[in-house]
Amino acid sequence: MKKENLFLALPVLLVTTSMYAAGPSISLYGGGITIGSIFAVFLSWKRNHSILWAILHFFFGWIYVIYYLLTKD
């Protein structure tokens, strides 16, 4: 394979690999609902019983899940 072809193929390979490695998701109006977002909403509701906090934590996804595990009572 020529060096130029490898240079062009590498970004495509990285994008498709990261796209599938991100985990399962459902595409909704250009955005995605991931397992991490759903899990974050569940944990947020379990701790706070607030829809506003659950919506906020939905957008943070796995970040909130990790925060929850680190600050668990």
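Residues numbered from 1 in each chain as written. Predicted model: local features only at pLDDT ≥ 70, side-chain atom pairs only at ≥ 80, totals over all residues. Heavy atoms only, no water.

Colleague: Lay out the confidence of the model for the chain in plain terms, naming residues and giving numbers.
Modeller: Across the chain, the average pLDDT comes to 73, with 56% of residues at or above 70. Looking over the chain, one finds the lowest element-wise mean pLDDT in helix H1 (residues 3–21), namely 47, and the highest in helix H3 (residues 51–60), namely 93. Between residues 5–10, whose pLDDT stays under 50, and residues either more than four places distant or in other chains, the model counts one contact. Note that residues 12–21 has pLDDT below 50 and, in this model, zero contacts with residues that lie over four places away or in other chains. (pLDDT = per-residue confidence, 0-100. Helix = DSSP H or I, 4+ residues; strand = E, 2+ residues; numbered from the N terminus. Contact = heavy atoms within 4.5 Å.)

Colleague: Which residues make up the packing of aromatic side chains, and what values go with them?
Modeller: Summed over the entire model, instances satisfying the criterion amount to five aromatic pairs. When the ring of Phe-39 is compared with that of Trp-62, the centres are 6.5 Å apart and the planes differ by 50 degrees; the resulting orientation is tilted. One end of the pair, Phe-39, is in helix H2 (residues 35–48); the other, Trp-62, is in helix H4 (residues 62–70), and 23 residues separate them in sequence. The class of Phe-39 is partly exposed, set by a relative accessible area of 36%. (Phe/Tyr/Trp six-rings, centres within 6.5 Å; stacked < 30°, edge-to-face > 60°. Buried < 20%, exposed > 50% of the residue type's maximum accessible area, 1.4 Å probe, protein only.)

Colleague: Which residues make up H2, and what values go with them?
Modeller: Here H2 is 14 residues long and its end C-alpha atoms lie 20 Å apart, about the 20 Å a rise of 1.5 Å per residue gives. Where H2 is concerned, the buried positions are Gly-36, Ser-37, Ala-40, Leu-43 and Ser-44. One side of H2 carries all its buried residues, which in axial view fall inside an arc of 130 degrees. Downstream of H2 by one or two residues, His-49 has phi in the positive range, about 55 degrees. (Expected span 1.5 Å × (residues − 1). Arc of directions from axis to C-beta.)

Colleague: I'd like to hear about the side chain of Ser-44, residue by residue, with values.
Modeller: Within the secondary structure, Ser-44 is located in helix H2. Here Ala-54 takes part through its backbone nitrogen, which lies 3.4 Å from a polar atom of the side chain of Ser-44. With residues up to four places along the chain from it excluded, the contact list for Ser-44 reads His-49, Trp-53, Ala-54, His-57 and Tyr-64. (Polar contact = N/O pair within 3.5 Å; in protein donor to acceptor, adjacent residues only side chain to side chain.)

Colleague: Outline the nonpolar core, supporting the account with residue identities and numerical values.
Modeller: Counting five residues, the largest nonpolar core is built from Ala-40, Leu-43, Tyr-64, Val-65 and Tyr-68. Looking at this core, the elements that each hand over two or more residues are H2 and H4. Take this core: its biggest share by element is three residues, from H4. Leaving out residues up to four positions away in the same chain, Leu-43 has contacts with Tyr-64, Val-65 and Tyr-68. (Core = buried A, V, L, I, M, F, W, Y, C linked by side-chain atoms within 4.5 Å.)

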